[in-house]
Amino acid sequence: MEGKLLKVLVGSADHQSGSVIGRIKNLVTIPSTQKLFTEDEVSRLTGICLEHLRSLAQTKHIGSLIRAAGAAGAEAGKWLFTNSELMILNVLCPRCDH
Ligand SMILES: [Zn+2]
């Protein structure tokens, strides 16, 4: 694992959240060498739950839906995001609190 990390601090304009912590919550640390992230990794890094992450990806046209070849049908596919898309998602959507 590379020791070099990229720290991204995003100012949050979350008007719904009255908490002080809410203003500094969007701090994401990702390995700078990693170029692609699965939906699970993005969800863990940004704090956005998978349900919201997928609906954001669809409505904002962010990320790529990869359909696994030969999948048994239950799995609709997996979303993949680039590191820049990860940061866009981090800006667009506040961390889920539910
Ligand atoms: Zn959510």
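A brief report on the enclosed structure follows. (Residues numbered from 1 in each chain as written. Predicted model: local features only at pLDDT ≥ 70, side-chain atom pairs only at ≥ 80, totals over all residues.)

1. Some thoughts on the sheet that holds strand β4 (residues 64-66)
The following threshold applies: When DSSP finds two or more bridges between two strands, those strands count as paired. A run of H or I in DSSP becomes a helix once it reaches four residues, and a run of E becomes a strand once it reaches two; helices and strands are each numbered from the N terminus. Here, axes are lines fitted to C-alpha atoms. For helices the fit covers the stretch in contact, and angles between N-to-C directions go from 0 to 180 degrees. Once C-beta atoms are placed from the backbone, any two residues with those atoms within 7 Å are in contact.
The three strands lie next to each other as β3-β5-β4, forming an open sheet whose pairing is antiparallel. Each having just a single partner strand, β3 (36-38) and β4 make up the two edges of the open sheet. For this sheet, the mean inter-axis angle between neighbouring strands, taken without regard to orientation, is 35°. Bridge count between β3 and strand β5 (residues 78-82): three bridges; the pairing is antiparallel. Note on β5: the bridge partner recorded for L36 is T82. In the packing of helix α1 (residues 39-46) onto the sheet, contacts are made with β3 and β5, and the angle to β3 comes to roughly 90°. On the sheet, helix α3 (residues 83-92) packs against β3 and β5 and is oriented at approximately 95° with respect to β5.

2. Remarks on the pairing of β5
Rules: Any residue surrounded by 20 or more other C-beta atoms within 10 Å of its C-beta is treated as buried, while 12 or fewer makes it exposed and the intermediate range makes it partly exposed; C-beta atoms here are placed from the backbone.
Burial along β5 is one-sided: W79 and F81 are buried, and none of K78, L80 and T82, which face the opposite way, are. Relative to β5, β4 runs antiparallel, the two being bridged by three bridges. Opposite L65, over in β5, you have W79 as the bridge partner.

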